[in-house]
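For reference, the chains in residue letters:
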Amino acid sequence: MPSTIDEIRTALEKRLTAARDVQDVRNAQIEYLGKKGAVTTLLKQISGVAEDKRRQFGEQVNALKQWAAQAVEQRLSDLSSAECRYDIDFSLPGQLMPTGKKHILTQVEEEVESVFLSMGFDIEEGPEIEQEYYNFEALNIPADHPARDMQDTFYLAPGMLLRTHTSPIQVRTMKREHPPIRMIATGRCYRRDAVDASHTPMFTQVEGLVIDKGITFADLKGVLQEFVGGVFGSSISVKLLPSFFPFVEPGAETAISCPICGSKGCPTCKNSGWIEMGGSGMVHQNVLREVGYDTSIYQGFAFGWGIERIAMIKYGIRDIRMFYDNDLDFLSQF
Amino acid sequence: MRVKLSALHAAIDFSYTPEELAAKLGDVGIEIESMERAEVTFRDVFVARVVHTAPHPTYHKLQRVDLDLGPRGTTSVCTAATNVREGDIIPVAIPGGRTADGIDIATRMFGPVESFGMLCSWKELGLDGDILSSEEKDGILHLGSGAIVGSPFQEAWPVEDTAFEISVTPDRGDALSVLGLARWIEVLKAREADQPFDMGDIKLPLPSALPHARNDGDLTVTIEDQSLCSSYIGLLIQDVASGLSSHAFRTQLYQLCIRPVSRIVDMTNLCLKQYGQPTHAFDYDRLQEHRIIVRTSLPGETIVTLDGVLRPLEPGTLVIADAAVPVAVAGVMGGLASGVTATTARVVFEIAHFDPRAVARASRHLGIKTDAAYLYERGTDPGLTVSAVPGVLSALVREQCLGSYVSRVASAGIPVPARPPLSLDLDRVNGYLGSDLDAKDIQRLFGYEGIASRVTGTTLSVTPPSFRGDLTSWPEYVEEVVRMEGYNEFPSHAPTLVLRRGSESPLKTLCKQLRQLLVGIGLVESRTVSFVREDTITAMGLPAAPLLLNPLTVDWDALRPTMAVGLAGAAVRNLSRGRDGFASFEIGKTFSAHDQSFDEETKLGVLLVGKWQDANWTTPAVSAGIFVLKGIVESVLRDLHVPCDVVSSNCALLETGASALVSSETTTLGTLGILRHDVGALLGLERDTFYAELSVDALLKNIPTVSFKEFSKFPSIRRDIAVLVDEYVAAGQLQAIIAENGGPLLKTIVVFDSFQGGSLPTGKKSVGFSMEFASPDRTLLGEEVDVLVSSVEDALAIRVGGILRRTRA
């Protein structure tokens, strides 16, 4: 603590300039002008000073006291005039703007589409009420083939059905265009499945098709890896397993390394570290012939995955019915 | 298909754990869906023979049973079971033991009688009830003759085992049997050992000849169309006797997961499960003229199948007939009249190979799904099994003392011709797979699966085994190359593709834009099912919707012609969960039916109910209203640069007077208004609901191309006027008059006020307009704008008798 008049004046000046709020100034006021303050201490010393110097000392100390009181007041006034312009209670909530949400399936669908658009794939569409021919015969699923049991079908009239997959769009595209073909199609599909946690009679599929000269099974794997990397992140890998779909040969089931547990094993991947996502394979010769392509020149691959399945794995959703309940508590989460 | 590990071990030697087996089979395309391990959970349960039974002296519900435990001596227990007789072979838990359901066994007094243990039923032994017969599940379990008395129960019954649930794809019919799975296990072993497939490793009996037959029966078999039935063997058994299956046979069925029915049925089931060969038993004496004719059905023919149903046969259905009538639908189900009964003395077993398509067609047409049809549809082996199964059956007949013995075999059909070899080009294979295999590699891979191949230069000549009916064209062989090399071992690379941008349809782009705009406004997107209930649509007063011929439920028997049903459902769900408002939209297909054709249209539905904006401490809540809805529609169309008119008009689903048509120039885009209260009530909404539905297809045709327009860089001048008019004059009419008379400098007109009542005269309303005037090339003068406003005011006065209330600068 400074003790001489000059020291005190300098110190208090500094102290007041540094003070950032009222409380700080009040503290300084106590330190200097309070009962035990530096200025007060000097005032008490006046009576003890030798008589010849007492008068001069007294005048100086009183002048200091006056100056100090004024400086404190001034600083208080400066600070309070700056502070009082606003006094906002920021704990009050802001006025939230209404924000809508795209449905989670739309979000995933758009994400998938953008990955493929970036790889130069076209996005094709087709009718949901489809002819039996496009849904089955043209895809190498003749009547009386056991594969028809795989896809229990809703019929509207003889020969007219609700498409059971987006694959008829492949056929329509190939019949309309010549290779090279590089397309995906997304859309609603319908199968006569009773409703439970993993089935709804309506679901969304994404279908892919690449036809050109020299397209190979190895290319299928490469494209699926890009797709999975784009949707799930590049740390996720793809594995193919033998499977059967009438419109491809060789046919494969596609599995991805489990993004939920990082392939360590969890209930979702049944402790296998892998999750089956959908079918794929080299387009069957009968399908290519049916659309009039020369199979000695053109070949290619196709795949079909469920959008709901992708969303379920990506976000850990356990019940497929939630997608169609449209509960805001669900929709607003994504 | 369900089968146990022990049944597979009985067919082939292998040392894989169940988990390893599941993974390895999965890698070649046979999925083990689930695996269930059964352990011995009981202690000290032994096989005993009942020596003597006597009623309990005091407890009339109990009996005392004396038991022989073989080398373990004798004992006696008290039991309440009623199915215990002298000579029965039964399991008993002795003192110190414990049952599978956790009961500790001790010596117990029942009145004056001491009981040294407990007789066991299947539950106390923890057996799989699904594959036990009803007799076996009724009371104490009876073991057949042949169970060794005194042995621990787990030695007499295959308790400790792993059950697999196996699922195969439609092309893997060859794996739908123990033999088939054993073959695939042999493939796995061959691949691991780098050795060719060896059928000799299969331990199942595969007899190639039948025992000598006593020729005193008479049966003729005729196949009319060899393409539908390549071979047919009838096996005649006489002096058929009833009785229990042997203990060994019974436990074999348990390992094969076959529930016992009767000895004859059990034998046919065993052939099906173990060899993948369906068989059928006829009562020989009920076959007219003791003849079997494999033919197609004639017009008007019917059959009463084993399930007692009279079924008309579609002409051309492949049937088995006797001299007079069809006695079975080939490969699907037998007829009741020719079926085996308790009094059957002579049986004909059928072992045949039918065309998969013929069986599939009959099965589908008749709506009968049987295990036999399931197998035939997926292709049975026309070679080995048809020749081996008769020998297997005849041996079973002898072992089980079912009949005297095989007395005659009648067979028809030429031996199945070996399929001609197929030529496979090496470059084609590598060019298809993106691989770099040589002919020897491929030959080696084929060898693991038993596919014979001969290499000539860069060509392989390949011949499949008879059980691989799926191998008919070169891509199928390519698949086998991948299967054996390992799907996951194959290289992966990005294809070399021509540089090209990806594109999407304008409709798709518009749908994305609409979603983005609506979400920006604050609406949540719903996705609702496309199914609706026809009754609901009719009650809503809409035209008939497309109907499903085979709906899943009556609630979903039609396709939606409107988005209103689904959106209302979503609203009801959210309101019922305590929310006080719901504002949502959906974009998707709606459907309509016209005679025999169907149309699809992409539509946008917007539904608002209850609160539109929540209250905040700064602002009160805003309720959804017709002008919120109209504002949403107008904002979206404005952002798409689509001019629109909303004109009052009576529209479907909407309340009269609160219903408007939305159009753009000459195109109708859709409707908006207040949902009819009866429709709302029908859909479960009891409060005012605001609903708009626009055709996205129609909207797409009206999207203009956007180009830059010069805008004024000079300040604009605003003038407000309020006009007092008769209440029936539409604001739109006033606006039109202002627009017509404001001149080219009038840039915007905004309604800022509209009210009735208060100090206004009855029958009058006041509408306030704010007009903005601007020039592209200069700053306007107040005086010239005043002139324009005057002409607007004059026009309003003349045209609608509007009285100017006030003018604001």
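It should be noted that the structure appears before, not after, this text.
Please read all numbers here as calculations on a predicted model, not as lab measurements.

What counts as what
Residues numbered from 1 in each chain as written. Chains lettered and ligands numbered in written order. Predicted model: local features only at pLDDT ≥ 70, side-chain atom pairs only at ≥ 80, totals over all residues. Heavy atoms only, no water. Helix = DSSP H or I, 4+ residues; strand = E, 2+ residues; numbered from the N terminus. Rg over C-alpha atoms; globule rule 2.2 N^0.38 Å. Buried < 20%, exposed > 50% of the residue type's maximum accessible area, 1.4 Å probe, protein only. Contact = heavy atoms within 4.5 Å. Buried area = accessible area lost by both parts, 1.4 Å probe. Salt bridge = Lys/Arg side-chain N within 4 Å of Asp/Glu carboxyl O. Polar contact = N/O pair within 3.5 Å; in protein donor to acceptor, adjacent residues only side chain to side chain. Nonpolar A, V, L, I, M, F, W, Y, C, P; charged D, E, K, R; others polar. Pairing = 2+ DSSP bridges. Axes fitted to C-alpha atoms, helices over the stretch in contact; angles between N-to-C directions. Core = buried A, V, L, I, M, F, W, Y, C linked by side-chain atoms within 4.5 Å. Parallel < 35°, antiparallel > 145°, perpendicular 65-115°, else oblique.

Draft legend 1. Main features of the overall build of chain A. For chain A, the helix and strand inventory stands at 13 helices and 10 strands. A compact globule built from 334 residues would reach a C-alpha radius of gyration of about 20 Å, whereas chain A, at 40 Å, exceeds it by more than 25%. A burial count over chain A gives 55% of its 334 residues as buried. Residue pairs in contact within chain A that sit at least 24 positions apart in sequence constitute 66% of those at least 6 positions apart.

Draft legend 2. The interface of chain A and chain B, seen in detail. Each partner contributes to the interface: chain A provides 88 residues, whereas chain B provides 88 residues. A combined buried area of about 7700 Å² lies between chain A and chain B, and 53% of that area is made up of carbon and sulfur atoms. If you sort the residues of chain A by the area they bury against chain B, Asp144, Pro242 and Leu328 of chain A come out on top, with a joint share of 9%. Seen at the junction of chain A and chain B, the total is 10 salt bridges. Residue Glu586 of chain B pairs with Arg188 of chain A through a salt bridge whose shortest N-O separation is 3.1 Å. Linking chain A with chain B are 48 residue pairs in polar contact (both at pLDDT 80 or more), by the criterion used here. Classifying every residue of the side of chain A that touches chain B by side-chain character gives 45 nonpolar, 22 polar and 21 charged.

Draft legend 3. Looking closely at unusual backbone geometry. Here the bond from Pro179 of chain A into Pro180 of chain A is cis, since omega is 5°, no more than 30 degrees from zero. On the secondary structure map, Pro180 of chain A appears in the loop between helix 8 (167-176) and strand 5 (181-190). In this model, Glu249 of chain A is joined to Pro250 of chain A through a cis peptide bond whose omega is -5°. Unusually for a residue other than glycine, Lys270 of chain A sits at a positive phi of about 50°. Summarising the element assignment, Lys270 of chain A is placed in the loop between strand 8 (248-257) and strand 9 (274-283). Phi angles above zero are rare outside glycine, and Glu665 of chain B is one such case at about 50°. Take Glu665 of chain B: it is sitting in the loop between strand 32 (654-664) and strand 33 (667-675).

Draft legend 4. Examining the sheet that holds strand 6 (residues 89-98) of chain B more closely. Residue and element names in this part refer to chain B. Spatial ordering of the open sheet is given by 5-4-3-6-9, a layout of 5 strands whose pairing is antiparallel. Looking at which strands have only one partner, the edges of the open sheet turn out to be strand 5 (74-79) and strand 9 (118-119). The sheet contact formed by strand 3 (residues 43-55) and strand 6 spans 6 bridges and is antiparallel. Considered in strand 6, the bridge of Arg43 is made with Arg98.

Draft legend 5. Expanded view of the sheet that holds strand 23 (residues 452-456) of chain B. All names here are of chain B. Across the sheet, which stays open at both edges, the 3 strands sit in the order 22-24-23 with antiparallel pairing between neighbours. The open sheet is flanked by strand 22 (422-425) and strand 23, the only strands paired with a single partner. Pairwise comparison of adjacent strand axes, ignoring direction, gives a mean angle of 25° for this sheet. Relative to strand 24 (residues 459-463), strand 23 is paired through 5 bridges, and the arrangement is antiparallel. Bridge pairing in strand 24 places Val455 opposite Leu460.

Draft legend 6. Fine view of the nonpolar core. Of all hydrophobic cores here, the largest spans 167 residues; its most connected members are Trp305, Ile310 and Phe323 of chain A together with Phe349 of chain B. In terms of residue count, the dominant contributor to this core is helix 5 (residues 178-193) of chain B (9 residues). Beyond its immediate stretch of four places on either side in the chain, Ile310 of chain A contacts Val108, Val112, Val206, Phe227, Val231, Phe232, Met277 and Trp305 of chain A. In terms of nonpolar packing, the next biggest core, distinct from the first, is built from 35 residues, Leu236, Leu318, Ala330 and Val359 of chain B among them.

Draft legend 7. Representation of the environment of Ala197 of chain A in the model. All names here are of chain A. Relative to the elements of secondary structure, Ala197 occurs in the loop between strand 5 and strand 6 (202-212). Accessibility expressed as a relative area gives 31% for Ala197, which makes it partly exposed. Between the C-alpha atom of Ala197 and that of Asn271, which follows or precedes it by 74 residues, the distance is 20 Å. Sequence-distant contacts of Ala197, defined by excluding residues within four places in its chain, comprise Met312, Arg318, Asp319, Ile320 and Arg321.

Draft legend 8. How the structure looks around the pattern of salt bridges. The final tally for this structure, using the stated rule, is 62 salt bridges over all chains. Residues Arg55 of chain A and Glu59 of chain A are paired through a salt bridge, measuring 3.7 Å at the closest nitrogen-oxygen approach. In this pair, Arg55 of chain A and Glu59 of chain A are both assigned in helix 4 (residues 51-83), 4 residues apart and thus about one turn of the helix distant. Between Glu36 of chain B and Arg2 of chain B there is a salt bridge, with its nearest N and O atoms 3.9 Å apart. You can see Glu36 of chain B sitting in strand 2 (residues 31-38) and its partner Arg2 of chain B sitting in strand 1 (residues 2-4), a full 34 residues away along the chain. One salt-bridge network, held together by shared partners, links Asp171, Arg172, Asp174, Glu449, Arg468, Asp470, Glu479, Glu480 and Arg483 of chain B.

Draft legend 9. Structural context of helix 6 (residues 247-255) of chain B. Residue and element names in this part refer to chain B. By the criterion of burial, helix 6 is predominantly enclosed, with 7 of the 9 residues buried. Every buried residue of helix 6 is listed here: His247, Phe249, Arg250, Thr251, Leu253, Tyr254 and Gln255. Against the buried residues of helix 6 lie strand 1, helix 1 (5-11), helix 4 (153-156), strand 10 (161-167), helix 7 (263-275) and helix 10 (384-399). Once helix 6 ends, the next one or two residues include Cys257, with phi positive near 60°.

Draft legend 10. Broad picture of the packing of helix 2 (residues 22-33) of chain A against helix 3 (residues 38-45) of chain A. Residue and element names in this part refer to chain A. For the pair helix 2 and helix 3, the least separation of the axes is 4 Å and the interaxial angle reads 15°. Accordingly, the angle class assigned to the pair helix 2 and helix 3 is roughly parallel. Counting all contacts with helix 2, which are made through Glu31, Tyr32 and Leu33, the residues of helix 3 involved are Ala38, Val39 and Thr40. Split by residue class, the contact of helix 2 with helix 3 holds 4 nonpolar, 1 polar and 1 charged.

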